[in-house]
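# Observations on the model geometry
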Amino acid sequence: MSPTRHAIIYAMMLFSSSRERNLWACAAAVMAAIYSTLGLARSLADALAGTGVGEGLFVVGCFGVLGVLVTRGLTERPGGAEMIVALGIATAYLLVFARMAVPTERSHLIEYGIVAVLIQEALAERAAQGRRVPVPAVLAVVSTALLGTLDEFIQLLVPGRFFDRVDILFNVLAAVMAVAASEALGWTRRRFRRSP
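First things first, this report covers the structure right here in the doc.

The rules behind each value
- Residues numbered from 1 in each chain as written.
- Predicted model: local features only at pLDDT ≥ 70, side-chain atom pairs only at ≥ 80, totals over all residues.
- Heavy atoms only, no water.
- Core = buried A, V, L, I, M, F, W, Y, C linked by side-chain atoms within 4.5 Å.
- Buried < 20%, exposed > 50% of the residue type's maximum accessible area, 1.4 Å probe, protein only.
- Helix = DSSP H or I, 4+ residues; strand = E, 2+ residues; numbered from the N terminus.
- Contact = heavy atoms within 4.5 Å.
- Salt bridge = Lys/Arg side-chain N within 4 Å of Asp/Glu carboxyl O.
- Expected span 1.5 Å × (residues − 1).
- Polar contact = N/O pair within 3.5 Å; in protein donor to acceptor, adjacent residues only side chain to side chain.

### Some thoughts on the nonpolar core
One finds Tyr93, Leu109, Ile119 and Val179 to be the most contacted residues of the largest nonpolar core, which totals 31 residues. Elements with a contribution of two residues or more to this core: α2 (18–36), α5 (80–99), α6 (103–128), α7 (136–155) and α8 (165–191). Looking at this core element by element, the count peaks at 10 residues for α6.

So, in C-alpha cells, the structure goes:
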C-alpha cells in the first residue's frame, strides 16, 4: 500500500468527518498565525499606537468574533429568540472590550475566542458522528487555555516578550466567553426551533 493511501486511511480513522477535519485545520491555522506573529506583535502595536488603525482593526476583529458566533451552525433564518440572544452577546462583548484599555489585551479575546469556537465545533461534530467526546464545551475551554498558556511559554524564547499570567487569564476569559456565547446560541436555536 502506498504512503499516500496510508495517510488517507489514517486521516479517515483520526477524524469522524471532513467537517471535523476542516474545523481542526482552521483552528490550527489560527494558532499558527497567532504563534507566528509573537515576534511582531509588540512592534506592530507600538507602530499603530495613536494612529486609529489599531482601533479600527480591533472593531473589525470584534465583528469577526461575533460573526463566527452568530453564524455558528446557522442553516435557517434566525428567530426572534436567537436575535435577542445574539444582541445580548454583542452587548456583553462590547462592554468587556470597552473596559479593556490595552489593545493587546483585546486581541487575546478575539484570537482565543475564535480558536475556542473552532475547537468546540470540531468536538461537537465529532460527538455528532458517534465518537465519544465528554463535554465538548469544557474540553474546548481547557484546550484553548492550554494553547494560550503555550503561547506565553513561547514568549519566554522571543526577545522583547515575556511570560504574563494576566494574558493567560485573558485567554481563558476569551475561551469561556466564546464557548458560553456559542452554547447559548445553540441552546436557543434548539429550544425555539420552528417546526416545519
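### Observations regarding the side chain of glutamate 125
By secondary structure assignment, the location of glutamate 125 is in helix α6. Judged by its relative accessible area of 11%, glutamate 125 falls in the buried class. Other than its neighbours up to four places away in sequence, glutamate 125 contacts Ser16, Ser17, Arg19, Glu20 and Leu23.

### Quick look at the pattern of salt bridges
Side-chain pairs of opposite charge can arise whenever the charged atoms involved come near each other. Applying the stated criterion to the full structure yields three salt bridges. Residues arginine 19 and glutamate 121 are paired through a salt bridge, measuring 2.8 Å at the closest nitrogen-oxygen approach. Placement of arginine 19 in helix α2 and of glutamate 121 in helix α6 is noted, with a sequence separation of 102 residues between them. Taking relative accessible area as the criterion, arginine 19 reaches 36% and is therefore assigned partly exposed. According to the relative accessible area criterion, glutamate 121 is buried, its value standing at 10%. Of the charged contacts in the structure, one is a salt bridge between glutamate 20 and arginine 126, with a shortest N-O distance of 2.9 Å. One end of the pair, glutamate 20, is in helix α2; the other, arginine 126, is in helix α6, with 106 residues separating them in the sequence. A cluster of three or more residues bridged by salt bridges with shared partners is formed by Arg19, Glu121 and Glu125.

### Structural notes on α8
Here α8 spans 38 Å end to end across 27 residues, near enough to the 39 Å set by a 1.5 Å rise per residue. Measuring from the backbone nitrogen of valine 166 back to the side-chain oxygen at the start of α8 gives 3.0 Å, which picks out aspartate 164 as the cap.

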